[in-house]
Amino acid sequence: MRIDVVSIFPEYLSPLELSLIGKARTTGLLDLHVHDLRTWTTDRHRTVDDAPLGGGAGMVMRPEPWAAALADVREAGRRTLEEPDAVPHLLVPSPAGVPFTQAMAHELADEAWLAFACGRYEGIDERVLDVAAEQGPVTPVSLGDYVLNGGEVAVLAVVEAVARLLPGVLGNPESVVEESHAPATGGLLEAPVYTRPATWEGRSAPDVLLSGHHAKVAAWRREQSLRRTAARRPDLLERLDAAQLTRADRAV
Ligand SMILES: COc1ccc2nc(C(=O)O)sc2c1
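Q: So what's going on with empty space enclosed by the protein? Residues and values would help.
A: Empty space left among the atoms is revealed by rolling a probe the size of a water molecule over them. Scanning all chains against the criterion turns up 1 cavity of 30 Å³ or more. The volume enclosed by the largest cavity comes to roughly 80 Å³. In terms of lining residues, the largest cavity is bounded by L70, V73, R74, V87, P88, L90, A115, A132, Q135, G136, P137 and V138. Considering every element that reaches the lining of the largest cavity, the biggest residue donor is helix α2 (residues 63-81), with 3 residues.

Printed below as a string of structure tokens:
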């Protein structure tokens, strides 16, 4: 997978050089390019923003640098992918975006090329997204109902959530099967986890986990997962397809 990120703070993305994502880059599983938007400014002050038309607080990111940056990103990606007609799926982190979910992470992990436009200030001139949408898919995404100062932190989260799903990135691909929000469990929250010592500070782990009875352990984890989801995220239970609830589930 190729990923391009355009930002006025490219150093914000340096955590993507670390750990499993960094290893995926060095092994070639992930081809990630971070670009400084100011590369595409033409004035002495390398200006990327201007006052909002119609008035209001803050500044808006000017369209010209973004249009030039995204055009160059498209051209460079086509060269390296050796696909002259390829276009990236452009993701634009925004508080006004659609909610980013694990299901979306799985969908994005199946794509060959993603590009991220990191907004700052009050956002990017809307016409940049309109022009980009004439070239390929554009999706404004939000991490949640809160506001950051820019898109970079959201890009770190989305890139990690997507890249870890790429085959070969995680040591044990089974890890993504049982985790919270996994499609295989219908999106439930994961059960509590325990490790040695079996008793710590006078607190014992649940006996069933020491029983060696795999079916009973699986049943206990499913029950705990349902209880935790009902307590913390009842909305996820409501979304659960009736067919995904077993008779035992309904008894919880
Ligand atoms: C101007 O660019 C921004 C500003 C705030 C913000 N907040 C996000 C979030 O997902 O919470 S993405 C994002 C992008």
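The discussion continues.
Q: Got a sec to walk through the sheet that holds strand β1 (residues 2-7)? Specific residues and values, please.
A: Spatial strand order, β2-β1-β6-β5-β7: 5 strands in an open sheet with parallel pairing. For this open sheet the edge positions go to β2 (31-36) and β7 (138-142), each flanked by a neighbour on one side alone. The mean angle between the axes of side-by-side strands here comes to 30°, regardless of whether they run parallel or antiparallel. The pairing of strand β5 (residues 89-99) with β7 spans 6 bridges and is parallel. Of the residues in β7, the one forming a bridge with P99 is S142. The strands that helix α3 (residues 102-109) touches are β5, β6 (113-117) and β7; relative to β5, the one it contacts most, it runs at about 170°. Against the sheet, helix α5 (residues 152-163) engages β1, β2, β5 and β6, with an angle of about 165° to β6.

Q: Lay out α3 with the relevant residues and their values.
A: Looking only at α3, the buried set comprises Q102, M104, A105, L108 and A109. Viewed along the axis of α3, the buried residues span an arc of 155°, placing them on a single side of the element. For α3, the secondary structure elements touched by its buried residues are β5, β6, β7 and α5.

Q: Describe the site of the ligand, with residues and values.
A: Near the ligand you find 15 residues, and of these G119, Y121, L143, Y146 and L148 are the closest. In the model, an oxygen atom of the ligand is placed 3.0 Å from a nitrogen or oxygen of the L143 main chain. Here an oxygen atom of the ligand sits 3.0 Å away from a polar atom, N or O, in the main chain of Y146. Taken by itself the ligand offers 360 Å² of open surface, and the protein chains cover 96% of this. Top element by residues in the shell around the ligand is β5. It accounts for 3 residues.

Q: Lay out a nonpolar patch on the surface in plain terms, naming residues and giving numbers.
A: A cluster of nonpolar side chains, namely F9, Y12, Y146, L148 and V153, defines an oily patch on the protein surface of about 410 Å² accessible area. Secondary-structure assignment places Y12 in the loop between β1 and α1 (19-26).

Q: Outline the pattern of salt bridges, supporting the account with residue identities and numerical values.
A: Where side chains of opposite charge bring their charged atoms close, a pairing between them can arise. Going through the model one piece at a time under the given rule, you end up with 10 salt bridges. In this structure, D125 and R127 form a salt bridge, with 2.6 Å as the shortest nitrogen-oxygen distance. When its relative accessible area of 13% is taken as the criterion, D125 is described as buried. Taken together, the salt bridges that share partners define one network made up of R2, D4 and D31.

Q: Could you give an account of the packing of aromatic side chains, naming the residues involved and the relevant values?
A: Per the stated rule, a full pass over the model turns up 2 aromatic pairs. Aromatic pair F9 and Y12: ring centres 6.3 Å apart, planes at 50°, arrangement tilted. A relative accessible area of 31% means that F9 is categorised as partly exposed. Aromatic pair Y194 and W220: ring centres 6.4 Å apart, planes at 55°, arrangement tilted.

Q: So what's going on with the pairing of β6? Which residues, and what values?
A: With 5 of its 5 residues buried, β6 lies for the most part within the structure. Of the two faces of β6, the one holding W113, A115 and A117 and the one holding L114 and F116 are both buried throughout. Relative to β6, β1 runs parallel, the two being bridged by 5 bridges. Bridged to I3 within β6 is L114. Two strands pair when backbone bridges link them, and β5 and β6 are joined in this way by 3 bridges, in the parallel orientation. Its bridge partner being in β6, H89 is matched across the sheet by L114.

Cut-offs used in this document
Residues numbered from 1 in each chain as written. Predicted model: local features only at pLDDT ≥ 70, side-chain atom pairs only at ≥ 80, totals over all residues. Heavy atoms only, no water. 1 Å grid on protein atoms, 1.4 Å probe; cavity = no way out; pocket = protein on both sides within 12 Å on 5 of 7 lines; lining within 4 Å. Points joined across faces, edges and corners; volume = space filled by probe spheres on them. Helix = DSSP H or I, 4+ residues; strand = E, 2+ residues; numbered from the N terminus. Pairing = 2+ DSSP bridges. Axes fitted to C-alpha atoms, helices over the stretch in contact; angles between N-to-C directions. Contact = heavy atoms within 4.5 Å. Buried < 20%, exposed > 50% of the residue type's maximum accessible area, 1.4 Å probe, protein only. Arc of directions from axis to C-beta. Near = heavy atom within 4 Å. Polar contact = N/O pair within 3.5 Å; in protein donor to acceptor, adjacent residues only side chain to side chain. Areas by Shrake-Rupley, 256 points an atom, 1.4 Å probe, with all protein chains shown as cover. Patch = residues over 30% accessible without salt bridge, like charges linked within 9 Å, V, L, I, M, F, W, Y side chains within 5 Å. Salt bridge = Lys/Arg side-chain N within 4 Å of Asp/Glu carboxyl O. Phe/Tyr/Trp six-rings, centres within 6.5 Å; stacked < 30°, edge-to-face > 60°.

Without other data, these values stay purely geometric and don't point to any function.
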